Amino acid sequence: MRNSGKEWDLLNKLDREENLTQEEIVILLGCRDRKVEEQLFYLADEKRKKYVGEEVHLRGLVEFSNFCRRNCLYCGLRRDNRKLKRYRMSLEELYNLAEKIALQGLKTIVLQSGEDLAYDAKSLASLIHRIKKLDVAVALSIGEREPWEYALWRDAGADRYLLKQETFDRELFAKLHPDDDFDQRLECQRTLKELGYEVGSGNMVGLPYQTLQSLALDIKKFQEWDFDMIGIGPFVPNPDTPLGEEVSNPEGKYLLTLKVLALTRVLTKTSNLPATTALGTLIPGGREKALSCGANVFMPNFTPSFYQSRYIIYPGKGIEESWENYLLEVKKMIERKGRVASTGYGNRVSSGSGEAGRR
Ligand code: SF4
């Protein structure tokens, strides 16, 4: 890199040491120079090649219930959103869907819902046990539950658990989550790690009251906790929530999200990073661009369209009617980018050196 200036010095340091301080991250996040931004994306892409290679892991997503006991201010699934028509899939429906996804050749099935206690731990454990016989990895994304429940599902064969912190800024967390506790959520993460799950976290970018300091802290915490998966998506306001009126700046939010993603790739090296749906909602082609900024995971949504249209965390999410066509399109897009759609389970290649999640 021939350019000079503070930001270019930081990019050189990032390339050399694959690390930055929180203050240094703030400087890069705040830089609006397009050449600096493009160089950061290029660097993240190079590190992605070095640490996780050309494979893009495909995870089949099923959103099986939109009931939620919580009231997060930004989320359309929040308990107090009376406008949302609620649904629950039966366990048999879920199994049949998992079977169809496995037949498409996908090797990970992600079971996601709001925090819905109507599904008891034992029934879910039986379902996981059945799905594991399809020769797939099972990832759960169903919120905060009791340690014994996490243990039961792990024993039944669950491989991964996604539980996004959304922000590591305590004050911001408290503002956005009126009925959730910052430390309790982290304690869940610690339990999951101890049980041997691959553990996922993540954040939202462009939240009201969020500062660049907050975002830089998120990135440092992702590194410190050494998460196996990290979902980074822009905040997209939902009019049916208390944050629905927030002024949005799609282009700025989009670029900032890509910068957070790129920095996370370099600092965490081997974590699996999805090209999140919200990026594609914000800007057409956003998910594709994310694959050039450090992302190595894509999660096609296999939820039947009549349910998907009610899983509205935020508005504007595209709904696919035909899986086969959609999957074909996704694979073509991956090929166009010179990448390879993985046929493996998509486990993390190896772990970094974070210590926070271990006792
Ligand atoms: S973010 Fe998760 S826990 Fe919060 S309301 Fe939405 S689905 Fe429920």
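The sections below set out a description of the structure shown in this document. (Residues numbered from 1 in each chain as written. Predicted model: local features only at pLDDT ≥ 70, side-chain atom pairs only at ≥ 80, totals over all residues. Heavy atoms only, no water.)

## Here we look at the sheet that holds strand β3 (residues 108–113)
Whether parallel or antiparallel, the strands of a sheet pair through hydrogen bonds between backbone atoms. Pairing within the open sheet is parallel, and its six strands lie in the order β2-β3-β4-β5-β6-β7. Because the sheet does not close on itself, it has two edges, and the strands there are β2 (60–65) and β7 (229–234). Within this sheet the neighbouring strands show an average axis-to-axis angle of 20°, counted without direction. Summarising the sheet, strand β4 (residues 137–141) and strand β5 (residues 160–162) pair through two bridges and their orientation is parallel. (Pairing = 2+ DSSP bridges. Helix = DSSP H or I, 4+ residues; strand = E, 2+ residues; numbered from the N terminus. Axes fitted to C-alpha atoms, helices over the stretch in contact; angles between N-to-C directions.)

## Comments concerning the state of the cysteines
Per the stated rule, a full pass over the model turns up zero disulfides. Here C188 is not disulfide-linked; the sulfur of C72 is the nearest cysteine sulfur, at 13 Å. We classify C188 as buried; its relative accessible area is 3%. (Disulfide = S-S within 2.5 Å. Buried < 20%, exposed > 50% of the residue type's maximum accessible area, 1.4 Å probe, protein only.)

## Here's the deal with the layout of surface pockets
The probe, sized like a water molecule, is rolled over the atoms to show the empty space still left. Of the voids in this model, the second largest pocket is the one considered here, and its volume is about 220 Å³. L29, G30, R32, E37, L212, N249, G252, K253, L255, L256 and K259 are the residues that line the second largest pocket. Of all the elements in the fold, those that place two or more residues in the lining of the second largest pocket are α2 (22–30) and α10 (250–268). Ranked by residues supplied to the lining of the second largest pocket, first place goes to α10 with five residues. Of the residues belonging to the lining of the second largest pocket, the class tally is four nonpolar, three polar and four charged. (1 Å grid on protein atoms, 1.4 Å probe; cavity = no way out; pocket = protein on both sides within 12 Å on 5 of 7 lines; lining within 4 Å. Points joined across faces, edges and corners; volume = space filled by probe spheres on them. Nonpolar A, V, L, I, M, F, W, Y, C, P; charged D, E, K, R; others polar.)

## Re helix α6 (residues 147–156)
All buried positions along α6 are accounted for by E149, Y150, W153 and A156. Looking down the long axis of α6, one finds its buried residues gathered within 125° of arc, a one-sided arrangement. Across α6 from its buried face, at more than 90 degrees, point the exposed residues W148 and D155. Contacts made by the buried residues of α6 are with α5 (121–132), β4, β5 and α8 (182–194). (Arc of directions from axis to C-beta. Contact = heavy atoms within 4.5 Å.)

## Let's talk about the site of the ligand
Taken together, C68, R70, C72, Y74, C75, L77, R78 and G114 make up all the residues around the ligand. Classifying every residue of the shell around the ligand gives five nonpolar, one polar and two charged. (Near = heavy atom within 4 Å.)

## What to know about the sheet that holds strand β1 (residues 55–58)
Pairing in this open sheet of three strands is parallel, and the strands run β8-β1-β9 from one edge to the other. Among the strands making up the open sheet, the edge pair consists of β8 (297–298) and β9 (340–341). Against the sheet, helix α14 (residues 323–336) contacts β1, β8 and β9, and its axis sits at roughly 160° relative to β1.

## A word on the side chain of E166
Looking at where E166 falls in the secondary structure, it is placed in the loop between β5 and α7 (170–176). The exposure class of E166 is buried, given its relative accessible area of 12%. If we ignore the near neighbours within four places in the chain, the residues touching E166 are Y74, H177, G202, N203, M204, L207 and D218.

## Structural notes on the side chain of E63
With respect to the secondary-structure elements, E63 resides in strand β2. When its relative accessible area of 3% is taken as the criterion, E63 is described as buried. Residues contacting E63, with those up to four places away along its chain left out, are Y87, M89, Q112, N301, T303, Q308, Y311 and K317.

## Section: helix α3 (residues 34–52)
Compared with an ideal rise of 1.5 Å per residue, which puts 19 residues at 27 Å, α3 spans 26 Å between its outermost C-alpha atoms and is within 8% of the ideal. Buried within α3 we find V36, E37, Q39, L40, F41, L43, A44, D45, K47, R48 and V52. The backbone nitrogen of K35 has a side-chain oxygen 2.8 Å away, supplied by the residue at the start of α3, namely D33. (Expected span 1.5 Å × (residues − 1). Polar contact = N/O pair within 3.5 Å; in protein donor to acceptor, adjacent residues only side chain to side chain.)

## Thoughts on the pairing of β7
Most of β7 is tucked away: six of the six residues are buried. As paired strands, strand β6 (residues 198–205) and β7 are joined by six bridges and run parallel to one another. Note that in β7 the partner of S201 across the bridge is I230. Note on the crossover from β6 through helix α9 (residues 212–225) to β7: the handedness is right-handed. (Right-handed = clockwise from strand over helix to strand, strands pointing away.)

## Brief notes about the pattern of salt bridges
A complete count under the given rule lists 38 salt bridges for this structure. A salt bridge links E92 to R130; its shortest N-O distance comes to 3.2 Å. Of the two residues, E92 is situated in helix α4 (residues 91–103) and R130 in helix α5; the sequence distance between them amounts to 38 residues. Overall, R130 belongs to the partly exposed group, its relative accessible area being 35%. (Salt bridge = Lys/Arg side-chain N within 4 Å of Asp/Glu carboxyl O.)

## A closer look at the packing of α2 against α10
Here α2 crosses α10 at 145°, and the two axes come no closer than 10 Å. Judged by the sense of rotation from one axis to the other, the crossing of α2 with α10 is right-handed. Between α2, through I25, L28 and L29, and α10, the contact on the second element is made entirely by L256, K259, V260, L263 and L267. (Left-handed = near helix turned anticlockwise from the far one by under 90°.)

## A few points about unusual backbone geometry
With a phi close to 65°, D135 is a non-glycine residue in the positive phi region. Structurally, D135 can be placed in the loop between α5 and β4. Since its relative accessible area comes to 38%, D135 is described here as partly exposed. Backbone geometry places E166, a non-glycine residue, at a positive phi of 70°.

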